[in-house]
Amino acid sequence: MEPLHVGRPNIGNRERLLERINDILDRRWLTNNGPYVQELEQRISEFLGVKHCVAMCNGTVALEIAIRALGLHGEVIVPSFTFIATAHALQWQEITPVFCDVAPGMHHINPARVEELITPRTTGIIGVHVWGQACDIEALTDIARRRGLKLMFDAAHAFACSYKGRMIGNFGDAEVFSFHATKFFNTFEGGAVVTNDDQLADRLRFMRNFGFAGYDDVDYVGTNGKMTEICAAMGLTSLESLDEFIAINYRNYKAYERELADIPGLKLFHYDESEKRNYQYIIVEVDEAEAGVSRDQLVEFLHAHNVLARRYFYPGCHRMEPYRSYFPHAGLLLPETEKLTQRVMSLPTGTAVDEQTVHLVCDMIRHAYWRAEDD
Ligand SMILES: Cc1ncc(COP(=O)(O)O)c(C=O)c1O
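So, how was this worked out
Residues numbered from 1 in each chain as written. Predicted model: local features only at pLDDT ≥ 70, side-chain atom pairs only at ≥ 80, totals over all residues. Heavy atoms only, no water. Near = heavy atom within 4 Å. Polar contact = N/O pair within 3.5 Å; in protein donor to acceptor, adjacent residues only side chain to side chain. Areas by Shrake-Rupley, 256 points an atom, 1.4 Å probe, with all protein chains shown as cover. Helix = DSSP H or I, 4+ residues; strand = E, 2+ residues; numbered from the N terminus. Nonpolar A, V, L, I, M, F, W, Y, C, P; charged D, E, K, R; others polar. Patch = residues over 30% accessible without salt bridge, like charges linked within 9 Å, V, L, I, M, F, W, Y side chains within 5 Å. Salt bridge = Lys/Arg side-chain N within 4 Å of Asp/Glu carboxyl O. Buried < 20%, exposed > 50% of the residue type's maximum accessible area, 1.4 Å probe, protein only. Expected span 1.5 Å × (residues − 1). Arc of directions from axis to C-beta. Contact = heavy atoms within 4.5 Å. Pairing = 2+ DSSP bridges. Axes fitted to C-alpha atoms, helices over the stretch in contact; angles between N-to-C directions. Left-handed = near helix turned anticlockwise from the far one by under 90°.

**Let's talk about the site of the ligand**
Now for step 1: The immediate surroundings of the ligand are formed by 14 residues, with Gly59, Thr60, Asp154, Ser178 and Lys183 found nearest.
Now for step 2: One of the side-chain N or O atoms of threonine 60 is found 2.6 Å from an oxygen atom in the ligand.
Now for step 3: Within the side chain of histidine 157, a nitrogen or oxygen atom sits 2.9 Å from an oxygen atom of the ligand.
Now for step 4: Contact with the protein chains covers 92% of the free accessible surface of the ligand, which is 380 Å².
Now for step 5: Elements with a contribution of two residues or more to the shell around the ligand: α3 (59-69) and α4 (84-91).
Now for step 6: When the residues that make up the shell around the ligand are grouped by side-chain class, the tally is 3 nonpolar, 9 polar and 2 charged.

What follows is the structure, given as structure tokens:
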């Protein structure tokens, strides 16, 4: 069997993409805020109902620029249960990420713990919409307002998702998407900061382009965060297939739900279907005591059979460098995260996976159980 990857890219209409690439070559406008980047920003703003979309070269740089444009410094509270880029985007600017635990039994930052971590050096909070499911935006917004803090969201997983009926992208001071190849909606590499704040949007645009305010005039410390035209062409093409991507992901999610229901000790991460979802992640928690097999044993077995299931977000940001050296005892304040990172794995889905394959993956999981019983 061909290796089955988690997050194999979703690809829209190939002919449309190639047409657009031909346009780019004919125009010889390859980057620097070209017409496709402008069109993509416009379409995304409309789709999300947000005033400004500033497209970037990737989600990490988008986070870095948003953090800087918002003037964050000192300490910023983030979950440890996230991809390392959330923490690194702060540390890169010598801002201390203060790791917060997830709520018990949940995968998202615990607002009750956030409040306890605020110090005089705290300037902001970054919530992460893990698996495209919003974190507790309402509670975090309330804390940020009361305590005079900036609030950002890492919405890398949450493109095309909603919270209380409103599209993600409209919350906090700014939200950041990743359009990396493994994401539901991809531009090869790419990302965006979206905001309803006009002044912030201006700053983001300057900072994305070295701080240039005119041909020879630089107003800010900037970087190169620009999206290329070819990436925007991929984005415009993918946007035309969003409904199809969601339908396939939803079909796979439902197939996993049926298949895994009778396997003891496995808990599928359930999406709240009353909200818009992209269903891009099939997340399973393994309870070793009940399953008789650990998450790591399962992942190892699946890998041996070419199903490249992934541990997530293992081992947690606080257990990676430089954070583990800076805060060697951080785990004591993160008991729920410590448990979760031992239990979570992600299974293959996306448009490269059909129902037959889901069945195959689940059969392999059953085999792993039988083998564990025999051992
Ligand atoms: C939660 C989260 N934040 C940030 C990123 C970084 O995005 P990018 O890979 O586009 O730099 C990712 C994904 O890669 C992510 O999953």
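**Thoughts on a nonpolar patch on the surface**
Now for step 1: A contiguous nonpolar surface patch, about 250 Å² in accessible area, is contributed by Phe210, Phe212 and Val218.
Now for step 2: Secondary-structure assignment places phenylalanine 210 in the loop between α7 (198-208) and β11 (212-214).
Now for step 3: Judged by relative accessible area, phenylalanine 210 falls into the partly exposed class, the value being 36%.

**Here's the deal with helix α1 (residues 14-27)**
Now for step 1: When the terminal C-alpha atoms of α1 are compared, their 20 Å separation across 14 residues agrees well with the 20 Å that a helix rising 1.5 Å per residue should span.
Now for step 2: Within the span of α1, buried status applies to Leu17, Arg20, Ile21 and Ile24. Taken around the axis of α1, the buried residues stretch over an arc of 100°, which confines them to a single face. The outward face of α1, more than 90 degrees from its buried face, is lined by the exposed residues Glu15 and Asp26.
Now for step 3: Contact partners of the buried residues in α1: α2 (35-48) and α8 (229-239).
Now for step 4: Where α1 begins, the capping side chain belongs to asparagine 13, and its oxygen is found 2.9 Å from the backbone nitrogen of glutamate 15.
Now for step 5: With its phi angle positive at about 55°, arginine 28 sits one or two positions after the end of α1.

**Quick notes on the pairing of strand β3 (residues 75-79)**
Now for step 1: Within β3, 5 of the 5 residues are buried, leaving the element largely enclosed by the surrounding structure.
Now for step 2: Residues Glu75, Ile77 and Pro79 point to one face of β3 and Val76 and Val78 to the other, with burial holding for every one of them.
Now for step 3: Summarising the sheet, β3 and strand β4 (residues 96-100) pair through 5 bridges and their orientation is parallel. Of the residues in β4, the one forming a bridge with valine 76 is proline 97.

**Quick look at the pattern of salt bridges**
Now for step 1: For the structure shown, the criterion picks out 24 salt bridges.
Now for step 2: Of the charged contacts in the structure, one is a salt bridge between aspartate 142 and arginine 146, with a shortest N-O distance of 3.2 Å. Note that aspartate 142 and arginine 146 are positioned in helix α6 (residues 137-147) at a spacing of 4 residues, about one turn of the helix.
Now for step 3: Among the residues examined, arginine 146 registers a relative accessible area of 49% and is labelled partly exposed.
Now for step 4: Connected through shared salt-bridge partners, Glu115, Asp142, Arg146 and Arg147 make up one network.

**Concerning the packing of α2 against α8**
Now for step 1: Between α2 and α8, the shortest axis-to-axis distance is 8 Å and the interhelical angle comes to 35°. Judged by the sense of rotation from one axis to the other, the crossing of α2 with α8 is left-handed. Between α2, through Pro35, Tyr36, Val37, Glu39, Leu40, Arg43 and Ile44, and α8, the contact on the second element is made entirely by Glu229, Ala232, Ala233, Gly235, Leu236 and Leu239.
Now for step 2: Its residues assigned to classes, the contact of α2 with α8 comprises 9 nonpolar, 1 polar and 3 charged.

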